[in-house]
Amino acid sequence: MYMIATKIPGIYAHFKSEGTKVTDFSVLMNNGEEFNSQSLAAKKVIVFWATWCPPCELELSRINDLVKEKRISADSVLAISISEEKQTVDRVIAERGYQFQIGYDFDGAIASKFAVAGTPTVVFLNADKTINWITTGLSPLLKLRINYFLD
């Protein structure tokens, strides 16, 4: 019961943020380019993650499977590492074979814009930059939700 009670404020905060517009942000990506939310033209799944986070590894591997199976486009996902060094993130990307876009939030400023309180935090962002859905932690139905959202 205690565990459920401690999660309620986060769930409520996520629920309240759904439908709100995200302020513009830009992030350096691992391919050397910059992603700028001002140029967002389609829906995007954004995942805030950390290399040391086992639930992040699980959720990102499930998303990577969707990309490898060509069920979703690699461009429809942006995984943003929070407060980690580029070398560490690059090593983990290579080890795990992620095929989607990766961004670096070196100081956590972008995560703050989304009120990220833990990892993984998954955000479904509409093309108009409004939050469609947001969750933190493992989401057993994530693959199903992503397919539905990006369809």
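### Considerations on the packing of aromatic side chains
So, step 1. Counted under the stated rule, the structure contains 8 aromatic pairs.
So, step 2. Look at Trp-49 and Tyr-98: their rings are 5.9 Å apart centre to centre, the planes differ by 90 degrees, and that puts the pair in the edge-to-face class. Here the residue Trp-49 occupies a position in strand β3 (residues 44-49), and Tyr-98 occupies one in the loop between α3 (86-96) and β5 (101-105), the gap between them amounting to 49 residues.
So, step 3. Look at Trp-49 and you get buried, because its relative accessible area is 0%.
So, step 4. Relative to Phe-100, the ring of Tyr-98 has its centre 5.1 Å away and its plane inclined at 25 degrees; by these criteria the two rings are stacked. Taken individually, Tyr-98 and Phe-100 each receive the classification buried, so the pair is uniform in this respect.
So, step 5. Taken together, the ring pairs connect Phe-25, Phe-35, Phe-48 and Phe-114 into an aromatic cluster.
So, step 6. Here the guanidinium or amino end of Lys-43 rests over the ring plane of Phe-149, the centre of that ring lying 5.0 Å away.

### A few points about the pairing of β5
So, step 1. The buried fraction of β5 amounts to 5 of the 5 residues, a majority that puts the element mostly inside the structure.
So, step 2. Note: strand β1 (residues 26-29) against β5, 2 bridges, orientation antiparallel. Along β5, the bridge assignment pairs Leu-28 with Tyr-104.
So, step 3. Of the pairings in the sheet, the one linking strand β4 (residues 77-82) to β5 comprises 5 bridges and is parallel in character. Across the sheet, residue Ser-81 finds its bridge partner in β5, namely Tyr-104.
So, step 4. Considered for its hand, the β-α-β crossover made up of β4, α3 and β5 is right-handed.

### Section: the pattern of salt bridges
So, step 1. Within this structure, the stated rule accounts for 6 salt bridges.
So, step 2. Here Glu-69 ties to Arg-71 by a salt bridge, and the two come within 3.1 Å at their closest N and O atoms.
So, step 3. With a relative accessible area of 43%, Glu-69 lands in the partly exposed category.
So, step 4. Judged by its relative accessible area of 48%, Arg-71 is partly exposed.
So, step 5. Lys-86 is the salt-bridge partner of Asp-90, the closest N and O atoms lying 2.6 Å from each other. Here the residue Asp-90 and the residue Lys-86 both occupy positions in helix α3, the gap between them amounting to 4 residues, near one helical turn.
So, step 6. Judged by its relative accessible area of 36%, Lys-86 is partly exposed.

About the thresholds
- Residues numbered from 1 in each chain as written.
- Predicted model: local features only at pLDDT ≥ 70, side-chain atom pairs only at ≥ 80, totals over all residues.
- Heavy atoms only, no water.
- Phe/Tyr/Trp six-rings, centres within 6.5 Å; stacked < 30°, edge-to-face > 60°.
- Helix = DSSP H or I, 4+ residues; strand = E, 2+ residues; numbered from the N terminus.
- Buried < 20%, exposed > 50% of the residue type's maximum accessible area, 1.4 Å probe, protein only.
- Lys NZ or Arg CZ within 6 Å of the ring centre and 35° of its normal.
- Pairing = 2+ DSSP bridges.
- Right-handed = clockwise from strand over helix to strand, strands pointing away.
- Salt bridge = Lys/Arg side-chain N within 4 Å of Asp/Glu carboxyl O.

Remember, this is a structural readout, not a statement about activity or role.
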